[in-house]
Amino acid sequence: LYDAATGQVRQRLRWRATDPPAGRKGLPVRALAFAPDGRTLAAGEDRSVRLYDVPSGRERGWVASQPVRVLAYSADGATLAAGLE
């Protein structure tokens, strides 16, 4: 994660991607969404949605899914919606 004003790295996420299908190097992140409080980042890829703690960069949890195309939090941060392929 980068500071938008300075371009400096603020945090590195400890990404733990799911195993790619045979013949692929990895699964790309296809959607990102910050919770309204800025403390959680949701990352969607072809097989899961993963939640990251922004201050520490650590994964908080994940859920298996179909390929994710878009993510959005509700205004209160209580709900995360995922648009799937």
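In what follows, the structure referred to is the one given above.
None of the values given here were measured: they were computed from a predicted structure. (Residues numbered from 1 in each chain as written. Predicted model: local features only at pLDDT ≥ 70, side-chain atom pairs only at ≥ 80, totals over all residues. Heavy atoms only, no water.)

Student: Could you give me a rundown of the environment of Arg-39, with the residues and numbers involved?
Tutor: Counting through the fold element by element, Arg-39 comes out in the loop between strand S1 (31–34) and strand S2 (40–44). Exposure remark for Arg-39: the relative accessible area of 43% places this residue in the partly exposed category. Those residues in contact with Arg-39, other than ones at most four positions away along the chain, are Tyr-52, Asp-53, Val-54, Pro-55 and Arg-60. (Helix = DSSP H or I, 4+ residues; strand = E, 2+ residues; numbered from the N terminus. Buried < 20%, exposed > 50% of the residue type's maximum accessible area, 1.4 Å probe, protein only. Contact = heavy atoms within 4.5 Å.)

Student: Before we move on, could you go through the pattern of salt bridges and cite the residues and values that matter?
Tutor: Enumeration according to the criterion identifies five salt bridges in this entry. With a closest N to O distance of 3.3 Å, Glu-59 and Arg-50 form a salt bridge. Taking the relative accessible area as the measure of exposure, Glu-59 reaches 24% and is therefore partly exposed. By relative accessible area, Arg-50 is classed as buried at 1%. Residues participating in the shared-partner salt-bridge network are Arg-30, Asp-46, Arg-69 and Glu-85. (Salt bridge = Lys/Arg side-chain N within 4 Å of Asp/Glu carboxyl O.)

Student: Now, about the side chain of Ser-48: what can you tell me, with residues and values included?
Tutor: Residue placement: Ser-48 occurs in strand S3 (residues 48–53). Accessibility expressed as a relative area gives 0% for Ser-48, which makes it buried. At a separation of 2.6 Å, a polar atom in the side chain of Ser-48 contacts the side chain of Glu-45. Reaching out from Ser-48, the side chain makes a polar contact with the side chain of Arg-50 at a distance of 3.3 Å. (Polar contact = N/O pair within 3.5 Å; in protein donor to acceptor, adjacent residues only side chain to side chain.)

Student: Outline a nonpolar patch on the surface, listing residues and values.
Tutor: Together, Trp-15, Val-29 and Leu-32 make up a nonpolar patch on the protein surface, roughly 280 Å² of accessible area in all. Along the polypeptide, Leu-32 turns up in strand S1. According to the relative accessible area criterion, Leu-32 is exposed, its value standing at 56%. (Patch = residues over 30% accessible without salt bridge, like charges linked within 9 Å, V, L, I, M, F, W, Y side chains within 5 Å. Areas by Shrake-Rupley, 256 points an atom, 1.4 Å probe, with all protein chains shown as cover.)

Student: For the sheet that holds S3, give the residues involved together with the corresponding values.
Tutor: Read across the open sheet, the four strands follow the order S1-S2-S3-S4; overall the sheet is antiparallel. The sheet terminates laterally at S1 and strand S4 (59–64), the two strands that pair on one side only. In this sheet, adjacent strand axes meet at a mean angle of 15° when their direction is disregarded. Two elements, S1 and S2, share four bridges in a ladder whose sense is antiparallel. Across the sheet, Leu-32 pairs through a bridge with Ala-43, a residue of S2. (Pairing = 2+ DSSP bridges. Axes fitted to C-alpha atoms, helices over the stretch in contact; angles between N-to-C directions.)

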